[in-house]
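# Secondary and tertiary structure notes
For reference, the chains in residue letters:
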Amino acid sequence: MAAEAGDKAFYVTTPIYYVNDAPHLGHAYTTVAADMIARWHRQRGERVWFLTGTDEHGQKVMRSAEAAGVEPSEWSDRLVETEWKPVLEVVDASNDDFIRTTEQRHVERVQRFWQALYDAGHVYEGRYEGPYCVSCEEFKIESELEDGQDGEKLCPIHGRPVEILSETNYFFRMSAFADRLLALYEEHPEFVQPESMRNELISFVRQGLQDLSITRSTFDWGIPVPWDPDHVLYVWIDALLNYVTAAGYSTNPEAFAQIWPADLHLVGKDIARFHAVIWPAMLMAAGIDVPRTVFAHGWLLVGGQKMSKTKLTGIHPRDIVDHFGSDAFRYYFLRAIQFGSDGSFSWEHMTAVYTSELANGLGNLASRVAAMVGRYFDGTLPKPTDHGPAEDVIAEKLADAARRADAAIDRFALHEALAATNELVGAVNVYVTEQEPWKVAKSDADSDRARLATILYTAAEALRAIAVLHNAVMPKASGALWESLGAAEQLGALAEQRVQDAGTWGQLPPGATVTKTAALFPRLPEEPAGS
RNA sequence: GGCGGGGUAGCUCAGGCGGUAGAGCAAACGGCUCAUAAUCGUUGUGUCGCCGGUUCGAGUCCGGCCCCCGCUACCA
């Protein structure tokens, strides 16, 4: 992409995923949403930086590694290579970088960050006090404790009473930033989205903030605290920094200035607070710009419940992609769920959407148009010499769909962007049916040939725009459609087509070679592969 | 307990500034035959969570109640 030197890139991130376990649909959902946004911005001609990665420190990873009988670093390496990196291929993610919190570039920069805050007086030594389970050898959090007899609090794993212990560790003076955070939410309503999450966080911060304990000394799988080697940094405090360490914080100011601040941190709603309270407070303390927007999406529900391994609803993305393909995976989750709200997933619903909208809708439209150009014009796109009112309607709908889709992306209404394009597909199917080109084709009269040519051109030109508008969600199928329209040799690579121009009528030049290719979305085998 | 969101056709959800309910999918019927048994058209259906109130008239406003979910700080 030709971007002026000095242009700031559009920087979008997913959370870095905790390597405690294998990826499930929830992770893939976030990745795919971020990926669509990244691809869309690239197709606006913007320079884009799309980051994802893995979070590898902390007690849970250490315990998982222990349970597997290997060192934490070995455990992480294995999961990253066999699960987390491969799943990006599975869902067709186009990330520009992948950061691991165990990488040297991250560790060094994190240490530099905290040393700076320590030097500036934002960190002090204090005592952390909390419920501790002797059997687990770790501190517990209030919310996970179970109630025992006469008010005792029990460890959920061992069922035995917890003790209140304290340890010395370091605290970040987060309490000092409450007012500045509230001012941020006030002055930049777009900082936390959706609105409901913003309200929740405002009421949370209004209650006042406590200082945050940022180090642990009871285990060592973490980044060493530079001024006190007996401590490691608390995972969150290390993990959040990935967004700046990957961007070159503290070592590469030129690169950093072109990427930071992040335009969008996409997160699940369960970790919104870390991203919209703790994270900006850390950045404020360091004198670094805060990100522009933290968007919290909803959860995927299976059978009405949040997905979880223990309830056997932790579906692996590959299970679905193997059956439906990566394009359909991406399309379904971004189209069927209002982005920001929780959404239900079921094989049945996904099958219904695939069949109706992709196979019978878009796929069949592409197929019938290509077949007719082949049959009636030997595969050469004819000139539309009889453009009339019916064609104007299609041209207008196309322009409208392109406008709506582009505007929807800026509101993170990904489902609306897809709905706009899907409606266009429907309109073109209606148009083709009403114009009855197969009947017009029965006559060799010049006026009928002109009409036939115009009908097929119109449908093909609409498909051209549909390929452009759907490229960010379904890069494979859109690319196949692009090829089938003969657009590549005429207009250049699909990825180079600007979404802003997608709605301009008449781009696909007559003379293009239209080929009927394999079905874009083949009919599915009877039984879902994974069920 | 407090705060917030939600309970609407078989399914997923819109509407929610009051005027006897909508979309998509699924279903039924009809048209068409270029196409992936596809496409197009037509059609139905709903005690709009429960009870009461205001009103000529209430999913839509008020009061009460029932159920579900989220937040109420250090699991990522």
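Residues numbered from 1 in each chain as written. Chains lettered and ligands numbered in written order. Predicted model: local features only at pLDDT ≥ 70, side-chain atom pairs only at ≥ 80, totals over all residues. Heavy atoms only, no water.

## Topic: the overall build of chain A
Broken down by element type, chain A carries 19 helices and 18 strands. Each principal axis of the C-alpha atoms in chain A carries an extent, and together these give about 90 × 50 × 40 Å. Expressed as a percentage of its 531 residues, the buried residues of chain A come to 55%. Accessible surface computed for chain A: about 22,300 Å², of which carbon and sulfur atoms make up 48%. Each charge sign in chain A was given a centre, from 47 positive and 75 negative side chains, and these centres are 4 Å apart. (Helix = DSSP H or I, 4+ residues; strand = E, 2+ residues; numbered from the N terminus. Buried < 20%, exposed > 50% of the residue type's maximum accessible area, 1.4 Å probe, protein only. Areas by Shrake-Rupley, 256 points an atom, 1.4 Å probe, with all protein chains shown as cover. Lys, Arg positive; Asp, Glu negative; His and termini not counted. Charge placed at Lys NZ, Arg CZ, Asp CG, Glu CD.)

## Observations concerning the confidence of the model for chain A
For chain A, mean pLDDT is 90; residues scoring 70 or higher make up 92% of the total. Prediction confidence for the complex, expressed as pTM and ipTM, is 0.93 and 0.89 respectively. (pLDDT = per-residue confidence, 0-100.)

## So, the side chain of H265
Structurally, H265 is set in strand β14 (residues 264-268). H265 sits in the buried class, given a relative accessible area of 0%. For H265, the side chain forms a polar contact with the side chain of W279, separated by 3.1 Å. With residues near it in sequence (within four places) discarded, H265 still touches T13, Y243, W260, W279, P291, T293, V294 and F295. (Polar contact = N/O pair within 3.5 Å; in protein donor to acceptor, adjacent residues only side chain to side chain. Contact = heavy atoms within 4.5 Å.)

## Side note on the sheet that holds strand β13 (residues 228-233)
Strand order in the open sheet formed by 3 strands is β11-β13-β12, and the pairing between neighbours is antiparallel. The open sheet has two free edges, formed respectively by β11 (215-216) and β12 (224-225), since each of these has just one partner strand. Bridge count between β11 and β13: 2 bridges; the pairing is antiparallel. Residue pairing in the sheet places R216 in a bridge with V232 of β13. (Pairing = 2+ DSSP bridges.)

## Describing the protein's contact with RNA strand B
Around RNA strand B, the structure places 45 residues, and the nearest of them are D55, I141, Y234, R273 and N364. Of all atoms in RNA strand B that approach within 4 Å of the protein, 72% are sugar or phosphate atoms. S367 is positioned with one of its side-chain polar atoms (N or O) 2.9 Å from a sugar or linking oxygen of RNA strand B. Between RNA strand B and the protein, one listed contact pairs a sugar or linking oxygen with a side-chain N or O atom of R523 at 3.2 Å. Where the surface near RNA strand B is concerned, the elements lending two or more residues are α6 (195-206), β10 (212-213), α7 (235-239), α13 (347-377), α15 (414-435) and α16 (437-440). Partitioning the surface near RNA strand B into residue classes produces 20 nonpolar, 13 polar and 12 charged. (Near = heavy atom within 4 Å. Nonpolar A, V, L, I, M, F, W, Y, C, P; charged D, E, K, R; others polar.)

## Side note on the domain arrangement of chain A
Split by domain assignment, chain A resolves into domain 1 (10-315) and domain 2 (347-501). Spacing between the C-alpha centres of domain 1 and domain 2 amounts to 43 Å. Across the boundary between the two partners, domain 1 contributes 14 residues, which contact 21 residues of domain 2. Between domain 1 and domain 2, roughly 1,700 Å² of surface is buried when both sides are summed, and carbon and sulfur atoms account for 64% of that area. On the domain 1 side of the interface with domain 2, the three residues burying the most area are W40, Q43 and R44, jointly 48% of the side's total. Between domain 1 and domain 2 we count 2 salt bridges in total. Note that D406 and R44 form a salt bridge whose closest N and O atoms lie 2.9 Å from each other. Linking domain 1 with domain 2 are 6 residue pairs in polar contact (both at pLDDT 80 or more), by the criterion used here. (Domains from an automatic or database assignment. Buried area = accessible area lost by both parts, 1.4 Å probe. Salt bridge = Lys/Arg side-chain N within 4 Å of Asp/Glu carboxyl O.)

## A short note on the nonpolar core
Here is a general trend for soluble globular proteins: nonpolar side chains tend to be buried in one another's company. By size, the foremost hydrophobic cluster in this structure holds 115 residues, and its most contacted members are M36, I320, F333 and F345. The biggest single contributor to this core is α13, with 15 residues. Summarising the domain contributions, this core has at least three residues from each of domain 1 (10-315) and domain 2 (347-501). If sequence neighbours within four positions are ignored, I320 has contacts with L25, I315, G325, F329, F333, F345, W347 and M350. With 59 residues, the next largest nonpolar core counts L201, A246, W279 and A281 among its residues. (Core = buried A, V, L, I, M, F, W, Y, C linked by side-chain atoms within 4.5 Å.)

## Points about the pattern of salt bridges
Under the defined criterion, the tally for this structure stands at 27 salt bridges. A salt bridge links R100 to D77, with the shortest nitrogen-to-oxygen separation between them at 2.6 Å. Here R100, found in strand β3 (residues 97-100), pairs with D77, found in helix α3 (residues 72-90); they are 23 residues apart in sequence, far enough to count as distant. With a relative accessible area of 11%, R100 lands in the buried category. The residue R105 makes a salt bridge to E103 at a minimum N-O spacing of 3.0 Å.

## So, α13
At N364, α13 is bent by approximately 40 degrees, the largest bend along its length. The first or second residue beyond α13 is D378, which carries a positive phi of 55 degrees. (Bend = angle between axes of the 7 residues up to and from the residue.)

## Looking at the sheet that holds strand β15 (residues 294-297)
Spatially, β3-β2-β1-β14-β15-β9 is the arrangement adopted by the 6 strands of the open sheet, whose pairing is parallel. Among the strands making up the open sheet, the edge pair consists of β3 and β9 (192-193). Looking at chain direction, strand β1 (residues 10-18) and strand β2 (residues 48-55) are connected through 7 bridges and run parallel. Its bridge partner being in β2, F10 is matched across the sheet by V48.

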